[in-house]
Amino acid sequence: MKKLFFLATVITMLLLLGGVALAGHPCDQCGSSATSLVGSGSWCHWYCEACDYTTSRNHDPNSYNSGLVPDSCSGSCRWCGASASYSSHTFRNWTLNSDVTCTTDGTETARCENAQCRATNTRPAPGSALGHDYVKTVHTPTCDNIGYTNHQCSRCPEFFNDDVKAPLGHSHTRWTYNGDGTHTSTCSREHCDVTFTSSCSPVTTVVGGQKLSICTICGHRISLGDGSSMETSGNAGAHLDATALPGELVVLVDAAPLDVPMSTEAFYMFITSLQKDGAEVPFSGRVEITIDLNEHPFSMPDSIFFEMPPSELKARAFKIVRVEYQMVNGEPTEVWVEVPFTLKNGILSFETEKMGVFLMVLSIVEAPTAQ
């Protein structure tokens, strides 16, 4: 009786303070339904008559749901019936929703921060468009295809291309004589195996007083009749000063040419030409040609330079001349035109405004026409 009196007193006090008294919640201790429940403030209080056990806990967090009335934040505990009420929702921490795109504003949503309230609010989010996030991919040009830079948005299908470069075209700089008046080359560019065959275009000139007939593309020396060819230099380049090359530079090298009378003094012969698709193309302007002579060691046993490493040559002892045919006293005459050059560690560079036949000779050697 004392316990019942005590519980009745507590319930009476809670009711006077604005609480609500209910019953029927099973006891957490013994499971009996003979319990009394009192709600007050943010708490629910249970008393079990069967085992004399009392417990308290917060109101059920699922009890307050104010979505029914947009401008209110109120509800009641589903256990004890206690009510909670605020003047309005409190929305502060807004989060962008997934409806925002690169070019279109989306919406943002916040949850009411009042205790035990689960209401949410969604509103437009001006200026929330993300903008495009472009990822750049460079596509290098190939022999047949253009090169360009692709800019693809990582969030949407939008893209654009720029920095477009023309196809490179095939690079045929190493030609092989086929023995039938034609030469063949395989494209030297990476991942390309296209072959091309064209007819030789021999150029007849006089070098050292002797007539030579040489294909300026593959280096086949027709005048010798022995099927020999000059070697295509694999380490030669061109530095332009005036005009762009209309084709590709081919440099043919002969160490101590057999068919030059002064072969013991003229220990290098070079033929330079511009070619495209196996034929020579015209050129005007100035070009500096660089050749690594170390790739072309001397091979003439009767030459004073036999077996001498090209890197040991000294520039002051030699000169570079371009062999030309000019009219002298009404007669076509072999003329040597000296051109500036440098030579260091076997790397030769010389400038010229014309392609053609060049000789590297001792400085003391005079042109045959001057003898």
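All of these numbers come straight from a predicted model, not from anything done at the bench. (Residues numbered from 1 in each chain as written. Predicted model: local features only at pLDDT ≥ 70, side-chain atom pairs only at ≥ 80, totals over all residues. Heavy atoms only, no water.)

Caption draft 1: Geometry of the overall build of the chain. Counting secondary structure elements, the chain contains one helix and 28 strands. Considering only contacts within the chain whose residues lie at least 6 apart along the sequence, 47% involve residues at least 24 apart. Accessible surface for the chain amounts to roughly 20400 Å². Of this, 52% is attributable to carbon and sulfur atoms. (Helix = DSSP H or I, 4+ residues; strand = E, 2+ residues; numbered from the N terminus. Contact = heavy atoms within 4.5 Å. Areas by Shrake-Rupley, 256 points an atom, 1.4 Å probe, with all protein chains shown as cover.)

Caption draft 2: Just the nonpolar core, in detail. Counting 41 residues, the largest nonpolar core has Tyr-268, Phe-270, Leu-293, Leu-313, Phe-350 and Met-360 as its most contacted members. Those elements giving two or more residues to this core turn out to be strand S17 (210–215), strand S20 (248–255), strand S21 (268–276), strand S23 (287–292), strand S24 (318–328), strand S25 (331–339), strand S27 (347–352) and strand S28 (356–362). Residues in contact with Phe-350, not counting those within four places in the same chain, are Phe-270, Thr-272, Val-287, Glu-288, Ile-289, Ile-291, Ile-320, Val-339, Pro-340, Phe-341 and Phe-358. With five residues, the next largest nonpolar core counts Trp-175, Cys-200, Ile-217 and Cys-218 among its residues. (Core = buried A, V, L, I, M, F, W, Y, C linked by side-chain atoms within 4.5 Å. Buried < 20%, exposed > 50% of the residue type's maximum accessible area, 1.4 Å probe, protein only.)

Caption draft 3: Examining the confidence of the model for the chain more closely. Taken over all residues, the pLDDT of the chain has a mean of 77, while the share at 70 or more is 73%. When the criterion is pLDDT under 50, residues 1–23 qualifies, and its contacts beyond four places in sequence or with other chains add up to 31 contacts. Of the regions scoring below 50 in pLDDT, residues 61–70 engages in 26 contacts with residues more than four places distant in sequence or in other chains. (pLDDT = per-residue confidence, 0-100.)

Caption draft 4: Examining the pattern of salt bridges more closely. In total, this model carries five salt bridges according to the counting rule given. The residue Glu-113 makes a salt bridge to Arg-92 at a minimum N-O spacing of 2.4 Å. Of this pair, Glu-113 sits in the loop between strand S8 (107–111) and strand S9 (120–124) while Arg-92 sits in the loop between strand S6 (83–86) and strand S7 (95–96); the two residues are 21 residues apart in sequence, bridging distant segments of the chain. Taking relative accessible area as the criterion, Glu-113 reaches 32% and is therefore assigned partly exposed. Here Arg-123 and Glu-108 are joined by a salt bridge, their closest N and O atoms 2.7 Å apart. Of the two residues, Arg-123 sits in strand S9 while Glu-108 sits in strand S8, which places them 15 residues apart along the sequence. A relative accessible area of 34% means that Arg-123 is categorised as partly exposed. Taken together, the salt bridges that share partners define one network made up of Arg-322, Glu-324 and Lys-354. (Salt bridge = Lys/Arg side-chain N within 4 Å of Asp/Glu carboxyl O.)

Caption draft 5: Spotlight on empty space enclosed by the protein. Taken as a whole, this structure holds three cavities of 30 Å³ or more when the rule is applied. Roughly 60 Å³ of internal volume is contained in the largest cavity. In this structure, the largest cavity is lined by 12 residues; those nearest its centre are Pro-26, Cys-27, Asp-28, Trp-46 and Thr-55. Residue assignment for the lining of the largest cavity shows that the elements contributing at least two residues are strand S3 (43–48) and strand S4 (53–58). (1 Å grid on protein atoms, 1.4 Å probe; cavity = no way out; pocket = protein on both sides within 12 Å on 5 of 7 lines; lining within 4 Å. Points joined across faces, edges and corners; volume = space filled by probe spheres on them.)

Caption draft 6: Inspection of the sheet that holds S8 at higher detail. Reading across the sheet, the three strands line up as S7-S8-S9 and stay open at both edges, with antiparallel pairing between neighbours. Bordering the open sheet on either side are S7 and S9, each of which pairs with just one other strand. Here S7 runs beside S8; their pairing, made up of two bridges, is antiparallel. Within S8, the position partnered with Leu-96 by the bridge is Glu-108. (Pairing = 2+ DSSP bridges.)

Caption draft 7: View of the environment of Thr-195. Along the chain, Thr-195 turns up in strand S15 (residues 195–199). When the C-alpha atoms of Thr-195 and His-170 are compared, they prove to be 9.2 Å apart, with 25 residues separating the residues in sequence. Filtering out sequence-adjacent residues up to four positions away, Thr-195 remains in contact with His-172, Ser-185 and Thr-186.

Caption draft 8: Up close: the packing of aromatic side chains. Under the criterion given, the structure shown has six aromatic pairs. Considering the side-chain rings of Trp-175 and Phe-196, the 6.3 Å spacing of their centres and the 80 degrees angle between planes classify their relative orientation as edge-to-face. Taken together, the positions of Trp-175 in the loop between strand S12 (159–165) and strand S13 (176–177) and Phe-196 in strand S15 put the pair 21 residues apart, joining distant regions of the chain. Among the aromatic side chains, those forming a connected cluster through ring pairs are Tyr-268, Phe-270, Phe-350 and Phe-358. (Phe/Tyr/Trp six-rings, centres within 6.5 Å; stacked < 30°, edge-to-face > 60°.)

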